[in-house]
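# Summary of the model geometry
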Amino acid sequence: MRFVPSSLSQRASLTRKRRPTVALVLAALLGVTVVVACEAPPERPDALVSIRAFTDALSAGDAALASSYTDQPTRARADLEAVFTALNQDGAEFVVQAMTVGTSAAGASATFTLGAVWHLGDSAYGAREWAFSTSGKAVRTATGWQIEWRPDVVIPGMQDGQQVRFRPQPPDPPEIRDRSGQTVMAQQTLKAVTVDPARVRSTGSAATDLAALLGPVDDDITRSSILDAISSGRGNPVVIVTLREEEYEPLASRLAAIQGVTVQDEPTLVTATAALNSPVFPVLRESWEQRQEDSAGWTVELVAEDGSATMLASEPGIPLHDVATELDLNVQLAAQNAIRNVSVPAAVVALQPSSGAVLAVAQNAAADALGPVALTGEFAPGSVFQAVTALAALDDGLVHLDDLVSCPDGAHADAVPVPVEAPEPREDEQRSEEVPFSGAFANSCDAAIEDLALRLPDDALHNMALRLGVGLRIDSPGLIAATGSVPITGSRAERIEAAHGQGDLRVTPFGMALAAATIARGTVPEPFLLGRGNGPARDVAAPTTTAAEEVEALDLGVTNDLKRMMREAVTAGAAAKLADLPGLIGAAGTAATAGEGDVHDEWFIGIDGDLAFAVLVRQAANAHEAVDSAERFLRPLQE
């Protein structure tokens, strides 16, 4: 299955290109009649030729060339460069609309009217365009015709000393909500604490005072980190920290007392509470900001030297609805709390099998330092992958639930790597204890899994992993996730390594949560983060249901057998401490790592009704850390 790419904010398909400078187009926009005159030969330039050369230079954005056709080239160039800097989003088009030539005792002169369209960028509702007319005068000199320079030749009503300003007008900021309507993210006014080195009594004393105030708010803020920030600013003001209102208020008066420290308001999209954290939030924030930009209206103003502004033109933007996500704040907070105090990197991902909705994506501070571990971090799954191996063997008919299989004492999964060269079985090998396959699976019996793996085709584990969603590329609005990869095995040693989730096999926490969801429902659900009810206007894109490649569904009977085995793993296996949770099924596993000492990666995947999830604890010293984290995740949800 391949999910068709999309993005949270569907930008209008507007290609930036130079529009032809066509007088008739401007006439249609401005509702005027265009006067077309015959051009004089180049060697005898007349007023129209000079004025058209001026408008062509304006349309090309060439301030130096345009100013050369005026009687004050230095002043005109400075004025034009300021206008182009303020407005030159996609450029402008100027044409001559009308011209009248006359003579007097002072000489020949021409009055003219220009039509213009300034292209102010693209938006979700089409191109932002400002159409207007201006007028001016040209005089004939000994060297040819020159335009009498005034700022209002290019900007209507503009006088000396005024500046033109373009301002986007974003719509009222919408909120990002969870599936029950609770606020996940909203725009708040944050307080940016800034130090100006030029105004402090001394940088050392300022750093000392700030560290004393801000250190309790953020452990990363120290006197040394503040001095480093000031140094990196090379004498310019630097922002030390951005605080929420509730963090800033108790410190406000003491911050104001520190010389050289100022506080600026910064409207910013942030989580509803400081406790909320997820690797999906940066993507949602970036898409929200792009959506605000694309939906913004605009205003063009003239700004006088005293700061007063006169509006020349404006266009309203598009009102936006709140963004509905499939996150469940109760599940998200339970996932965060389950791993908050784990000292090593840990992650929890939870999906709704029936729909594919992403209910929670959580990782702790240690994982945050490594990036979006929960979504794209790829690791060996270890013995939790035996669920995939068992499903492949059941599907191939190599074994049934109650079949007796060989499981010698001590042949259970542990944290040591699988040997690279797997030995051939010997005829004089010690006779094995035989146990039902369900019991062998529940207790991660290596020997039974190895025997079945060696009887499977080379591509069996690869194909079964794909049928569970591992190896698929996930493209869904607001969601950037990987699932992992399971190579086709070529040798006995590779087959055994893969059967135990080692070797070149890699999965992500998201991929294992997707595998659990597939086991729960029998087919791969299409994961989606943004609610399908965001509306037909598509100001937030909803996921598509088109799949270019179909993935074979799981056999219902075989899947039910695996579920029974996963229940036994909870009631009598490695996850027995969760046995009192009714209906919970799961699989625990350990993966060897390259870390020093007795550490390993711990996994647990589980299904509890319409909740499928995966837990990863990296380089854990406790062999049951993933199961313990799963318990901390599930029990609050049972209350």
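Residues numbered from 1 in each chain as written. Predicted model: local features only at pLDDT ≥ 70, side-chain atom pairs only at ≥ 80, totals over all residues. Heavy atoms only, no water.

For the rest of this paragraph, the subject is the overall build of the chain. For the chain, the count of helices and strands is 20 helices and 23 strands. Here the chain holds 639 residues, and 49% of them are scored as buried. Restricting to contacts in the chain with at least 6 residues of sequence separation, those with at least 24 account for 71%. Surface exposure of the chain reaches about 28,400 Å², of which carbon and sulfur atoms provide 49%. (Helix = DSSP H or I, 4+ residues; strand = E, 2+ residues; numbered from the N terminus. Buried < 20%, exposed > 50% of the residue type's maximum accessible area, 1.4 Å probe, protein only. Contact = heavy atoms within 4.5 Å. Areas by Shrake-Rupley, 256 points an atom, 1.4 Å probe, with all protein chains shown as cover.)

Under the definition given, this model contains 1 disulfide. One disulfide bridge connects C407 with C445, the sulfur atoms lying 2.2 Å from each other. Looking along the S-S bond of the C407-C445 disulfide, the torsion reads about 130°, which is the right-handed sense. Pair noted here: C407 is in the loop between β15 (404-406) and β16 (434-436) and C445 is in the loop between α14 (437-442) and α15 (446-454), with a separation of 38 residues, a long-range link. A single burial state applies to C407 and to C445, both of which are buried. (Disulfide = S-S within 2.5 Å.)

Once that is clear, we can look at the nonpolar core. In terms of nonpolar packing, the biggest core is built from 87 residues, with F441 and F510 touching the most fellow members. Broken down by element, the residue count for this core peaks at 8 residues, all from helix α18 (residues 509-521). The contact partners of F441, leaving out residues within four places of it in the chain, are Q386, A387, A390, L562, M565, M566, A569 and A587. Core analysis: the next-biggest nonpolar cluster, separate from the first, contains 39 residues, A47, A57, L58 and I155 among them. (Core = buried A, V, L, I, M, F, W, Y, C linked by side-chain atoms within 4.5 Å.)

Further remarks concern the side chain of R618. Note on placement: R618 falls in strand β23 (residues 611-620). Not counting the four nearest positions on each side in its chain, R618 is found in contact with V344, P345, F379, T593, H600 and D601.

On to the confidence of the model for the chain, then. Looking at the chain as a whole, its pLDDT mean stands at 87, while 86% of the residues score no less than 70. Contacts from residues 410-431, a stretch scored under 50 in pLDDT, to residues over four places away or in other chains number 32 contacts. Considering only residues more than four positions removed or in separate chains, one finds that residues 535-549, a stretch of pLDDT under 50, has 36 contacts. (pLDDT = per-residue confidence, 0-100.)

Turning next to the pattern of salt bridges. With the rule as written, the count across this model stands at 21 salt bridges. In this structure, E81 and R77 form a salt bridge, with 3.0 Å as the shortest nitrogen-oxygen distance. Placement of both E81 and R77 in helix α4 (residues 73-87) is noted, with a separation of 4 residues, approximately one turn of the helix. E81 sits in the partly exposed class, given a relative accessible area of 36%. Across the pair R473 and D475 runs a salt bridge, and its minimum N-O distance is 2.0 Å. When its relative accessible area of 17% is taken as the criterion, D475 is described as buried. If you follow the salt bridges from partner to partner, you end up with K577, D580, D628, E631 and R635 in one network. (Salt bridge = Lys/Arg side-chain N within 4 Å of Asp/Glu carboxyl O.)

Now for the environment of F437. Locating F437 in the fold gives a position in helix α14. Taking the relative accessible area as the measure of exposure, F437 reaches 0% and is therefore buried. Counting along the chain gives 12 residues from F437 to I449, while the straight-line C-alpha distance between them is 9.4 Å. The residues contacting F437, other than those within four sequence positions of it, are A390, L394, V399, H400, L401, D403, V405, L452 and M565.

Here we come to the sheet that holds strand β4 (residues 144-147). With antiparallel pairing, the 4 strands of this open sheet are ordered in space as β1-β2-β3-β4. Here the strands that pair on one side only, and so sit at the sheet edges, are β1 (92-104) and β4. Between one strand axis and the next, the sheet turns through 25° on average, direction left out of account. As judged from the 4 bridges shared by strand β3 (residues 126-141) and β4, these two strands associate in the antiparallel manner. Across the sheet, V139 pairs through a bridge with Q146, a residue of β4. Across the sheet, helix α2 (residues 47-59) lies against β1, β2 (107-123), β3 and β4, angled at about 155° from β1, the strand it touches most. Packing against the sheet, α4 makes contact with β2 and β3, and its axis sits at approximately 25° to β2. (Pairing = 2+ DSSP bridges. Axes fitted to C-alpha atoms, helices over the stretch in contact; angles between N-to-C directions.)

A word on the environment of Q89. Position of Q89 relative to the elements: it lies in the loop between α4 and β1. With relative accessibility at 38%, the residue Q89 sits in the partly exposed group. Sequence-wise, Q89 and H119 are 30 residues apart; in three dimensions their C-alpha atoms are separated by 6.5 Å.

The next thing to look at is the pairing of strand β11 (residues 309-315). Two elements, strand β10 (residues 297-303) and β11, share 6 bridges in a ladder whose sense is antiparallel. What sits directly across from E301, in β11, is M311.

Another aspect to go through is unusual backbone geometry. The residue R234 is not glycine, and still its phi comes out positive at about 50°. Tracing the backbone shows R234 in the loop between α6 (223-232) and β8 (238-243). Among the residues examined, R234 registers a relative accessible area of 76% and is labelled exposed. Unusually for a residue other than glycine, Q619 sits at a positive phi of about 50°. With respect to the secondary-structure elements, Q619 resides in strand β23.

What follows is about the side chain of S295. Note that S295 resides in helix α9 (residues 281-295). Given a relative accessible area of 3%, S295 falls into the buried group.

This part covers the sheet that holds strand β14 (residues 358-363). Ordered by their spatial adjacency, 5 strands build an open sheet running β14-β13-β23-β22-β21, and the pairing between neighbours is antiparallel. Only two strands of the sheet have a single neighbouring strand rather than two, namely β14 and β21 (585-592). Shown here is a sheet whose adjacent strand axes are inclined to one another by a mean of 10°, direction ignored. On top of the sheet, helix α19 (residues 556-572) reaches β21 and β22 (600-608); it is set at about 70° to β21, its chief contact. Here helix α20 (residues 625-638) sits on the sheet in contact with β13 (346-351), β21, β22 and β23, set at roughly 145° to β23.

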